[in-house]
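# Descriptive analysis of the structure
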Amino acid sequence: MAVPKSHPRYLSLMIRERIVKGVAQGITSMHGLLAHGRGEAFDYLVGEKTTRKARQQIKKAAKLLLHAKRPIISVNGNAAALCPKELVQLSKAIPAGLEVNIFHPSKSRERKIAACLKRHGAKEVLLPHKGRIRFIASNRRFCNEDGIAKAGLVFVPLEDGDRCQALIRMKKKVISIDLNPMSRTAKSATINIQDNIVRAMPLLVEEVKRQKWLNLNNPD
Ligand code: PTJ
């Protein structure tokens, strides 16, 4: 859809287009459209801007990511449609692995998400295999034995469910990005960044790079 730049909701409509395109490409599930609408509503409430609190959470998240043992970035159909480039940039900057983990089961979608991340520069993308997340029964329990299963920290952009609690019970740290501060994920994560993923991801990538540079130049 051609959205005129002068439209007062241009940015928001363009972000919607990414999700719609994600569905058309078989990356995002139909349910992802509803999840996005939920996010939009919460984004209204924060003024569609990155708040001061969110910036503080981004700083803390960058620090935790840089100090984590075997950090992994978990990618679902919405995150892949909205910011594939930044997810890959983050994985390279930390460095951290990328793993596809989705709620609505679809092997074809898993492969398409991985292919999308590779088109954006990822060398390796793990898929669910022999690993298992304990304490949950949904499709998200299937994970990779060398990825989420062994990770000390799992980065979970955009989801609401019981996986975060399960990962915490497995003694892993979790960083989430979720506009809804009342979601199960946001409430149980080690750190939740309450911001739109499309605004938070570029800021997080820059913050990781900045802290890495500072650590290298001020080792003490
Ligand atoms: O690809 P799949 O099968 O793994 O499915 C992914 C979705 C997102 C559809 C699935 O995880 C789901 O149904 O999620 P929920 O339960 O709707 O939760 C999504 C959460 O993300 C909600 O708390 C929303 O407020 C929040 N959210 C939605 N869009 C954004 C967002 N948070 C940050 N940025 C957004 N753009």
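Each remark here, short or long, concerns the structure printed above.
Structural notes, computed from the coordinates. (Residues numbered from 1 in each chain as written. Predicted model: local features only at pLDDT ≥ 70, side-chain atom pairs only at ≥ 80, totals over all residues. Heavy atoms only, no water.)

## Side note on the nonpolar core
- Residues Val 75, Leu 90, Phe 155 and Leu 204 are the most contacted members of the largest nonpolar core, which totals 42 residues.
- Here the element with the most residues in this core is helix 9 (residues 197-217); it accounts for seven residues.
- One finds Ile 148, Val 154, Cys 164 and Met 170 within the second-largest nonpolar core, a separate group that totals 15 residues. (Core = buried A, V, L, I, M, F, W, Y, C linked by side-chain atoms within 4.5 Å. Buried < 20%, exposed > 50% of the residue type's maximum accessible area, 1.4 Å probe, protein only. Helix = DSSP H or I, 4+ residues; strand = E, 2+ residues; numbered from the N terminus.)

## Considering the packing of aromatic side chains
- Taken as a whole, this structure holds zero aromatic pairs when the rule is applied.
- Directly above the aromatic system of Phe 135 lies the positively charged group of Arg 169, at a separation of 3.8 Å from the ring centroid. (Phe/Tyr/Trp six-rings, centres within 6.5 Å; stacked < 30°, edge-to-face > 60°. Lys NZ or Arg CZ within 6 Å of the ring centre and 35° of its normal.)

## Re the packing of helix 1 (residues 10-24) against helix 2 (residues 30-45)
- Across the interface, helix 1 lies against helix 2 with an axial gap of 9 Å and an inter-helix angle of 160°. Taken together, the axes of helix 1 and helix 2 lie roughly antiparallel to each other. Here helix 1 and helix 2 pass one another in a crossing that is right-handed. For the pair helix 1 and helix 2, the contacting residues are Ser 12, Ile 15, Arg 16, Ile 19, Val 20 and Val 23 in the first and Met 30, Gly 32, Leu 33, His 36 and Glu 40 in the second. (Axes fitted to C-alpha atoms, helices over the stretch in contact; angles between N-to-C directions. Parallel < 35°, antiparallel > 145°, perpendicular 65-115°, else oblique. Left-handed = near helix turned anticlockwise from the far one by under 90°. Contact = heavy atoms within 4.5 Å.)

## Notes on the sheet that holds strand 7 (residues 191-193)
- The strand order across the open sheet formed by five strands is 2-1-5-6-7, and the pairing between neighbours is parallel. Because the sheet does not close on itself, it has two edges, and the strands there are strand 2 (97-100) and strand 7. Going from strand to strand, the sheet's axes swing by 20° on average, the running direction of each strand aside.
- Two elements, strand 6 (residues 173-177) and strand 7, share three bridges in a ladder whose sense is parallel. Bridging across to strand 7, Ser 176 finds its partner in Asn 192. (Pairing = 2+ DSSP bridges.)

## Structural notes on the side chain of Glu 110
- Take Glu 110: it is sitting in helix 6 (residues 107-119).
- Here the side chain of Glu 110 touches Lys 107 through a polar contact of 3.0 Å, side chain to side chain. (Polar contact = N/O pair within 3.5 Å; in protein donor to acceptor, adjacent residues only side chain to side chain.)

## Re the pattern of salt bridges
- One pass over the full model with this rule turns up ten salt bridges.
- Note that Arg 199 is salt-bridged to Asp 43, the shortest N-O span being 2.7 Å. Of this pair, Arg 199 sits in helix 9 while Asp 43 sits in helix 2, placing them 156 residues apart in sequence.
- Linking Lys 150 and Asp 146 is a salt bridge whose minimum nitrogen-to-oxygen distance equals 3.0 Å.
- Overall, the relative accessible area of 46% leaves Lys 150 in the partly exposed class.
- If you follow the salt bridges from partner to partner, you end up with Asp 43, Asp 195 and Arg 199 in one network. (Salt bridge = Lys/Arg side-chain N within 4 Å of Asp/Glu carboxyl O.)

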